Amino acid sequence: MQLTGRILWLTDDTAHLEQQLSGTNPQFDPADPPALHFGVNTDAMINGAACTLGYTGEILGPYFLQNFKDSVEVDAVKQGGFQVVVGGDAYGSGSSREVAVVAHQGAGIELVIARSFQRIFQENMVYAGLPFTTDFGVVERLRAGEDIDLPSLGQALPPFFRAVSEAGGLMRYGTHVLAGQVGPTYEVERAPRPMNCIEKIVAAKAWRGKDQPFGIAAVEPGDQILCEADFRGMHEYTGGMVMNLYAQEWADAPIHQPELAAAFEDHFVLIDRDTVPISVKRKRLAPAKSLAAEMIEACERNGIRLHGPGRLKQGVCHRIVVEDYARPGDIIVLTDSHTPTAGVMNAFAFGVGSTAMAFALRTGMIPVTVPKTVRVWVEGDAKGILSPKDLVLHLIGDPFFREEHWRESPTDTCVIQLGGPGLDQWNVDELSVITNMTVEGGLMTGIVEPCAPIREFLQATRGQDYAARLVEPDEGATYVKTIRVNLDEVPLTVATPGDSRNRKPLTEVGDVAIHNVVIASCTGGSLSDLRAAADVLRGRKLADNVRVTVTPSSADVADAARSEGLLSLFSELGAVVTDPGCGSCIGNGPGIPYEGETTASTTNRNFDRRMGAPGPVYLVSPAIAAASAVTGKLTDPRSL
């Protein structure tokens, strides 16, 4: 590749960005550029409304970076002739949407340069064929007129990524795997070593070659291993793309073990509700219905079970996976970044892109870069006040995670392994908030060590505690770091607008007026979440000019909350109570901010415009959300 177009520097300084969009080509020093935007996220790369339109570069290219820093107009990147984009740390934060990569390609971007990349986005670039590098020296080489051999950039990648690139992509590599034309890119005969929870799961499910039993003696961080997948899932945003990719490579070949796969109609089911702004319905409703119909037709044709209205249990995919599918020791993958929710079940659960899911549906396997592990040992007493939401916001906002102190190479990944007696005071609903939001800290996932809440949940919901499947870490296992957390020392915590890692103790936030309160999502719409909010609201009334939306995360949650009188309590106070779904978390349902509103939300992500409209969003616990609804400002529930 020679530089025939322009370089777009995604700077913190909006003026620098706007100058480039106006035609200026700044000669920034790649060794010492101006501050680059931290965590350019997938919602900024391609917004939720554009994602409903389709999944090809032709459709998505014009919307690449639309509204980024309130400066980028539709089709500005392609019309500006930009060929290379340069970002800062944590490029590709956020969702697993592979369409974020497709949008780059559709906008004419041929190379991405950044300080570091987030795991799912980086994998999606490899599998979709978008070259990338962390070597800023490439900028000067391009400026000097050098013809950069883009495939050579891939030679710096680990063996599996190189093999995929040389095969012509992950789908073609999958065909070679099925035909027995390739074997593992890693050594299968290994000496045992002490391993942590996720290493033990990966080793047990490692592919040894065609027609060989799964399992090797040990793995270690950095290994790239093909693993047997126990559960695979997708939803309306991604299902059509997954099945289209599948058909392109394998036509009507059968899905591998379709009984271990499911599709979920959850992201679009609330768009048509009365309190959703007309402007949102006008943009999203018709194309969303089309995407959903495409997924449903493909799944019915291929024998994949469907969850949604009028079908199997309705609700957010992650909550249903915890309720019905996840087992200790499983590898669980869905085309959604909040798949780590199921890590609460002592499972290895993580999000993947559409290409990886299509590969998994045909081969029954998923590629894994073995992560580094940080052990978080929880002690102390939450005193019935501190919530797991406070704890996870406190953790992911710590500089160790925010600044990725664990990272040593561009392809490193990291997970949190949670243990300690402090976990026993919370139930699975509550603990799942922590694993769910690990991805917001730039982590691959989180996993909970065997503990009483897991055993009790399994016994109550499945009729057995799966004791034989529980995965304990080995004595002497290796950790990047062990963090001991005393809950007595963790403050009530919020995430200030723009990024979930923007942690701040509630006491330091100041007097923030709240107009819109959302209690919902895979993170904040469980039965425990609804109970926590109801405990604060009971006997009180909502402040004037505050509106509240409550969305249970599954049909089971809604049924239990209804029988306990929680839904009627919310309704009688004037809240909008919806049926289960993702809703306003991704700008697709009641609770979307109106003009001029500030939102307090129990959801997991507060990127600019993530909830479907501009306006600051604070991430909070259900108790803080409810207290804020009562006073009309961010409030400690103990002060009521």
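Residues numbered from 1 in each chain as written. Predicted model: local features only at pLDDT ≥ 70, side-chain atom pairs only at ≥ 80, totals over all residues. Heavy atoms only, no water.

An unreviewed UniProt entry annotates the protein chain as 2,3-dimethylmalate dehydratase large subunit of Enhygromyxa salina.

**Some points on the sheet that holds strand β7 (residues 261–264)**
We count it as follows: Note on pairing: DSSP must find at least two bridges between two strands before they are called paired. Put simply, DSSP marks the helices as runs of H or I at least four residues long and the strands as runs of E at least two long, and each gets a number from the N terminus on. To obtain an axis, a line is fitted to C-alpha atoms, over the contacting stretch when the element is a helix, and the angle between two such axes runs from 0 to 180 degrees between their N-to-C directions.
Taking strand neighbours across the sheet as the criterion, the five strands line up as β8-β7-β6-β9-β10 in an open arrangement whose pairing is parallel. Of all the strands in the sheet, the pair left with one neighbour each is β8 (305–307) and β10 (348–351). Direction aside, neighbouring strands of the sheet carry axes that sit 20° apart on average. Pairing of β7 with β8, which is carried by three bridges, proceeds in the parallel orientation.

**Re the pattern of salt bridges**
Here is the rule: Definition used for salt bridges: Asp or Glu carboxyl oxygen within 4 Å of a side-chain nitrogen of Lys or Arg. For every residue, the accessible area obtained with a 1.4 Å probe (protein chains only) is divided by the maximum for its type, and the residue is called buried under 20%, exposed over 50%, and partly exposed between those limits.
Per the counting criterion, the structure on display carries 39 salt bridges. The partner of R97 in a salt bridge is D43, with the nearest N and O atoms 3.3 Å apart. On the criterion of sequence distance, the pair formed by R97 in the loop between β2 (82–87) and α6 (99–106) and D43 in helix α2 (residues 42–45) is long-range, its members being 54 residues apart. Of the two residues, R97 and D43, both sit in the buried class. Salt-bridge contacts for E449 lead to R375; the nearest nitrogen and oxygen are separated by 2.8 Å. Separated by 74 residues along the polypeptide, E449 in the loop between β14 (445–448) and α20 (452–462) and R375 in strand β12 (residues 372–379) bring together distant segments of the chain. In this pair, the class of E449 matches that of R375, namely buried. Through salt bridges with shared partners, one network takes in K205, D230, R327, D330 and R469.

**Some words on helix α11 (residues 170–178)**
For the record, the criterion: Read the arc as the range of directions from the helix axis to the C-beta atoms. Residue contacts are counted whenever heavy atoms from the two residues lie within 4.5 Å of one another.
Among the residues making up α11, those that are buried are L170, M171, Y173, G174 and V177. Buried positions in α11, seen along its axis, are confined to an arc of 155° and lie on one side of it. Of the surrounding secondary structure, the elements contacted by the buried residues of α11 are α7 (119–128), α10 (159–167), β5 (224–228), α13 (236–250), α16 (354–363) and β11 (365–369). G180, located one to two residues past α11, shows a positive phi value of around 75°.

**Overview of the sheet that holds strand β4 (residues 132–133)**
The four strands are arranged β1-β2-β3-β4 in an open sheet whose pairing can be described as parallel. In this open sheet, the two edge strands, each paired with only one partner strand, are β1 (6–9) and β4. As paired strands, β1 and β2 are joined by four bridges and run parallel to one another. Its bridge partner being in β2, R6 is matched across the sheet by F82. Sheet contacts for helix α1 (residues 14–21): β1 and β2; angle to β1, the most-contacted strand, approximately 160°.

**Overview of the UniProt feature "domain: Aconitase A/isopropylmalate dehydratase small subunit swivel" (unreviewed entry) in the protein chain**
We count it as follows: UniProt positions are given in the numbering used here, feature names are shortened, and annotations may be inferred rather than shown by experiment.
In this structure's numbering, the residues bearing the UniProt feature "domain: Aconitase A/isopropylmalate dehydratase small subunit swivel" (unreviewed entry) are residues 80–130. A distance of 20 Å separates the end C-alpha atoms of residues 80–130, which is 35% helix and 20% strand.

**Topic: unusual backbone geometry**
Although it is not a glycine, D75 adopts a positive phi angle of roughly 65°. Along the chain, the position of D75 falls in the loop between α4 (57–60) and α5 (76–79). Unlike most non-glycine residues, Y466 shows phi in positive territory, near 50°. By secondary structure assignment, the location of Y466 is in the loop between α20 and β15 (481–486).

**Structural notes on the state of the cysteines**
Defined as follows: The disulfide criterion used throughout: a pair of cysteine sulfur atoms within 2.5 Å.
Enumeration over the complete set of coordinates arrives at zero disulfides. C451 takes part in no disulfide bond, and the closest cysteine sulfur, belonging to C197, lies 11 Å away. Residue classification places C451 among the buried positions, given a relative accessible area of 8%. In this structure C582 is a free cysteine whose sulfur lies 6.0 Å from that of C317, the closest cysteine sulfur available.

**Observations concerning the nonpolar core**
For clarity, the cut-off: What makes a nonpolar core is a set of buried Ala, Val, Leu, Ile, Met, Phe, Trp, Tyr and Cys residues whose side-chain atoms join them at distances within 4.5 Å. Throughout, the edges of the domains are those of an automatic or database domain assignment.
One finds Y91 and I366 to be the most contacted residues of the largest nonpolar core, which totals 107 residues. Sorting elements by how many residues they give to this core places helix α14 (residues 278–302) first, with eight residues. When residues of this core are assigned to domains, at least three fall in each of domain 1 (6–156) and domain 2 (369–446 + 472–489). Not counting chain neighbours up to four residues away, the residues in contact with I366 comprise I225, L226, C227, A229, I331, V333, F350, V352, A356 and A360. In this structure, I332, L393, V548 and M611 belong to the second largest nonpolar core, which totals 94 residues.

**A few points about the domain arrangement of the protein chain**
Formally: In short, buried area is how much 1.4 Å probe accessible area vanishes from two parts on joining, totalled over both. Within 3.5 Å is the distance limit for a polar contact, defined as a pair of N or O atoms, with the added protein rule that one can donate a hydrogen and the other accept it, and that residues adjacent in sequence qualify only through two side-chain atoms.
Domain boundaries assigned for the protein chain yield domain 1 (6–156), domain 2 (369–446 + 472–489) and domain 3 (494–639). Computed over C-alpha atoms, the centres of domain 2 and domain 3 are 24 Å apart. Across the contact, 21 residues belong to domain 2 and 21 residues belong to domain 3. Across the domain 2/domain 3 interface, buried area totals approximately 1,700 Å², and carbon plus sulfur atoms make up 49% of it. When the buried area of domain 2 at its contact with domain 3 is split by residue, K389, L393 and E440 rank highest and sum to 33% of it. Between domain 2 and domain 3 we count two salt bridges in total. The shortest N-O distance in the salt bridge between R503 and D398 comes to 4.0 Å. Where domain 2 touches domain 3, the interface holds 11 residue pairs in polar contact (both at pLDDT 80 or more). Listed by contribution, the elements that provide at least two residues to the side of domain 2 that touches domain 3 are α17 (388–396), α18 (399–402) and α19 (428–436). A per-element tally of the side of domain 2 that touches domain 3 places α17 first, with five residues.

**Some words on the packing of aromatic side chains**
For clarity, the threshold we go by: Between rings of Phe, Tyr and Trp, where Trp is taken as its six-membered ring, a pair exists when centres lie within 6.5 Å; planes separated by under 30 degrees are stacked, by over 60 edge-to-face, and by other angles tilted. Only when the NZ atom of a Lys or the CZ atom of an Arg is both within 6 Å of the ring centre and within 35 degrees of the ring normal do we say a charge sits over the ring.
Taken as a whole and judged by the stated rule, the model has 11 aromatic pairs. Ring geometry for F231 and Y325: centres 4.7 Å apart, planes at 25°, overall stacked. With a gap of 94 residues between them, F231 in strand β6 (residues 231–235) and Y325 in helix α15 (residues 317–325) connect regions that are remote in the sequence. Taking the relative accessible area as the measure of exposure, F231 reaches 4% and is therefore buried. Take Y325: its relative accessible area is 18%, and that puts it in the buried class. Ring centres of Y237 and F268 lie 4.6 Å apart, and the angle between their planes is 75°; this geometry places the pair in the edge-to-face category. Of this pair, Y237 sits in helix α13 while F268 sits in the loop between β7 and α14, and the two are 31 residues apart along the sequence. Of the two residues, Y237 and F268, both sit in the buried class. A network of ring pairs unites the aromatic residues Y91, F117, F121 and F132 as a single cluster. If you follow K69 out to its NZ or CZ, it ends over the ring of F68, 6.0 Å from the centre.

**Description of the packing of helix α22 (residues 527–537) against helix α25 (residues 622–631)**
Just so we agree on the cut-off: Left-handed describes a crossing whose near helix is turned anticlockwise from the far helix by less than a right angle; the clockwise case is right-handed.
Contact geometry of α22 with α25 gives a least axis separation of 8 Å together with a crossing angle of 35°. The two elements α22 and α25 cross, and the hand of that crossing is right-handed. Of α25, the residues touching α22 (which contributes D529, A532, A533, V536 and L537) are P622, A623, A626, A627 and V630.

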